[in-house]
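The chain contents come next:
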Amino acid sequence: METFALYLIKSAIWLTGFALVFILFLRNERFFLLNRIYLITGIIASFLLPFITIRYIVYIPVMIANEVSAGTAAAIVPERNLMSVLPGILFLIYVSGAVFVALLIIRQCRSLLKSVRNADVHPHHQVKLIRTAGIKSSFSFFSYVFVNPSVTDIEAQEILNHELVHVRQKHWFDLLLAEMLCMVQWFNPMIWIYVRYIRQNHEYLADEVALQRSSDPAVYRAVLLNQIVGAPVVVLANSFNYSINLKRFKMMKNKTTSPYRKMKVLLILPVIAIVLYSFAKPEYRFTVKSDDPVVLQALNPDQDPVKTNTSPQQTGNKVVKGNEVPGVPPPPPP
């Protein structure tokens, strides 16, 4: 349980690091595809990088005592109190939260699948168009596009140009990874902010392509404004009216930016180095002042035992050679 808790902490810190770099340096950039790659990389890193641990060696000098007192050798038995059952309570709370998020996702998916079964599906290019009065705002769910029947043909065409980008670029894959991470890190507030930026960047990508296919960009913007309703956000769907604000219209403008601004993505490298160093694990090696090779081998089992009959060896503060006996001076030369 402690290992799993440590994994969750590491995973949350990795996700928070990627999110902070995006919020501070990348969210206002118009490199939408690069931002998408960055955001997906942050999710994958949060799953995998907690398994990577850097190790370093720490040498600790110790003294060998002849006797160990009974008081220091006695084992300390911890008392059973509230702290002994607290990990189990926290684990139960965590599992309850993860199950709740999973049930929420399943409930919404079942509702959409039920709508698909009960509605007439009209194939349109690479998508399946569903016109149903059960939804207020248009959105795409995998290869299905839901549109309200009250939408005119001109508006429907602009909406399809937008939603077709979501389907072709498989934005549902990003949302699926994000929702899986939400189930794991539901306790981390940053994951919910991170998912919001993923959805927002999807809309920027779709707007960029849809405007190129639109017969009149002004009509496209007007259709977007007409879709402003209080429709709920479906976890695995891309809503046409998601994040309609001044910034989204600003991102639609054709504005040339320096390609060197893409180098901001590299700001994540110092964050990766800091997190890896923060969770680095020490390996302790003991250095003792002793001539007994048995003691040295017991303290450092990974090292070769000292062989006093073959080659010079450093043991403590003395050098033992060949057949010399420690403490006895060598015979004078002939």
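First things first, this report covers the structure right here in the doc.

Conventions we followed
- Residues numbered from 1 in each chain as written.
- Predicted model: local features only at pLDDT ≥ 70, side-chain atom pairs only at ≥ 80, totals over all residues.
- Heavy atoms only, no water.
- Helix = DSSP H or I, 4+ residues; strand = E, 2+ residues; numbered from the N terminus.
- Buried < 20%, exposed > 50% of the residue type's maximum accessible area, 1.4 Å probe, protein only.
- Contact = heavy atoms within 4.5 Å.
- Areas by Shrake-Rupley, 256 points an atom, 1.4 Å probe, with all protein chains shown as cover.
- Core = buried A, V, L, I, M, F, W, Y, C linked by side-chain atoms within 4.5 Å.
- Axes fitted to C-alpha atoms, helices over the stretch in contact; angles between N-to-C directions.
- Parallel < 35°, antiparallel > 145°, perpendicular 65-115°, else oblique.
- Left-handed = near helix turned anticlockwise from the far one by under 90°.
- Nonpolar A, V, L, I, M, F, W, Y, C, P; charged D, E, K, R; others polar.
- Pairing = 2+ DSSP bridges.
- Polar contact = N/O pair within 3.5 Å; in protein donor to acceptor, adjacent residues only side chain to side chain.

1. Points about the overall build of the chain
In step 1: Looking only at helices and strands, the chain has 11 helices and 9 strands in total.
In step 2: The 334 residues of the chain split such that 38% are buried.
In step 3: Contacts spanning at least 24 positions in sequence make up 72% of the contacts within the chain whose residues lie at least 6 apart.
In step 4: If you sum the accessible surface of the chain, you get close to 20,600 Å²; carbon and sulfur atoms cover 64% of it.

2. A few points about the nonpolar core
In step 1: Y38, I43, F141 and Y194 are the most contacted members of the largest nonpolar core, which has 47 residues in total.
In step 2: Among the elements of the structure, α1 (2–26), α2 (32–48), α4 (82–118), β4 (139–141), α6 (171–184), α7 (189–213) and α10 (268–278) are those that each provide at least two residues to this core.
In step 3: Examining the composition of this core, we find that 9 residues originate from one element, α1, more than from any other.

3. What to know about the packing of α1 against α7
In step 1: Remark: α1 packs on α7, axes separated minimally by 10 Å, with the N-to-C direction vectors making an angle of 45°. Classified by the angle between their axes, α1 and α7 sit oblique to one another. Note that α1 runs across α7; the crossing there is left-handed. Across the interface between the two elements, L15, T16, F18, A19, L20, F22 and I23 from α1 touch M190, I191, I193, Y194 and Y197 from α7.
In step 2: Of the residues in the contact of α1 with α7, the class split is 11 nonpolar, 1 polar and no charged.

4. As for the packing of α7 against helix α8 (residues 217–226)
In step 1: At a closest axis distance of 9 Å, the pairing of α7 and α8 adopts a crossing angle of 140°. Considered as vectors, α7 and α8 are oriented oblique to each other. Regarding α7 and α8, the two cross each other, and that crossing is right-handed. Contacts from A206, D207, A210 and L211 of α7 reach α8 at P217, Y220 and R221.
In step 2: Residues that form the contact of α7 with α8 fall into these classes: 5 nonpolar, no polar and 2 charged.

5. As for unusual backbone geometry
In step 1: You will see that F142, though not glycine, has its phi angle at about 55°, which is positive.
In step 2: One can find F142 in the loop between β4 and β5 (144–147).
In step 3: Even without glycine at this site, K170 takes up a positive phi of about 55°.
In step 4: Looking at the element boundaries, K170 is found in the loop between α5 (153–168) and α6.
In step 5: Accessibility expressed as a relative area gives 45% for K170, which makes it partly exposed.

6. With respect to the sheet that holds strand β2 (residues 121–124)
For sheets, the rule is that strands pair by backbone hydrogen bonds, running either parallel or antiparallel.
In step 1: The mixed open sheet is built from 5 strands, whose spatial order is β2-β3-β5-β4-β6. In the strand order of this sheet, the two ends are held by β2 and β6 (238–239), each with one partner.
In step 2: Here β4 pairs with β6 via 2 bridges, running antiparallel. Residue S140 lies in a different strand from β6, and its bridge partner there is N238.
In step 3: Contacts between α5 and the sheet are confined to β2, β3 (127–131), β4, β5 and β6, with β3 contributing the most and set at about 140° to the helix.

7. Re the side chain of S11
In step 1: Inspection of the secondary structure puts S11 in helix α1.
In step 2: Under the relative-accessibility criterion, S11 is labelled buried at 0%.
In step 3: A polar contact of 2.6 Å, which involves the side chain of S11, links it to the side chain of Q185.
In step 4: If we ignore the near neighbours within four places in the chain, the residues touching S11 are S46, P50, L181 and Q185.

8. Some thoughts on the environment of R27
In step 1: Here R27 shows up in the loop between α1 and α2.
In step 2: Among the residues examined, R27 registers a relative accessible area of 31% and is labelled partly exposed.
In step 3: Apart from the residues lying within four places of it in its own chain, the contact partners of R27 are F22, Y197, K247 and M251.
In step 4: A polar side-chain atom of R27 sits 3.1 Å from a polar atom in the side chain of Y197.

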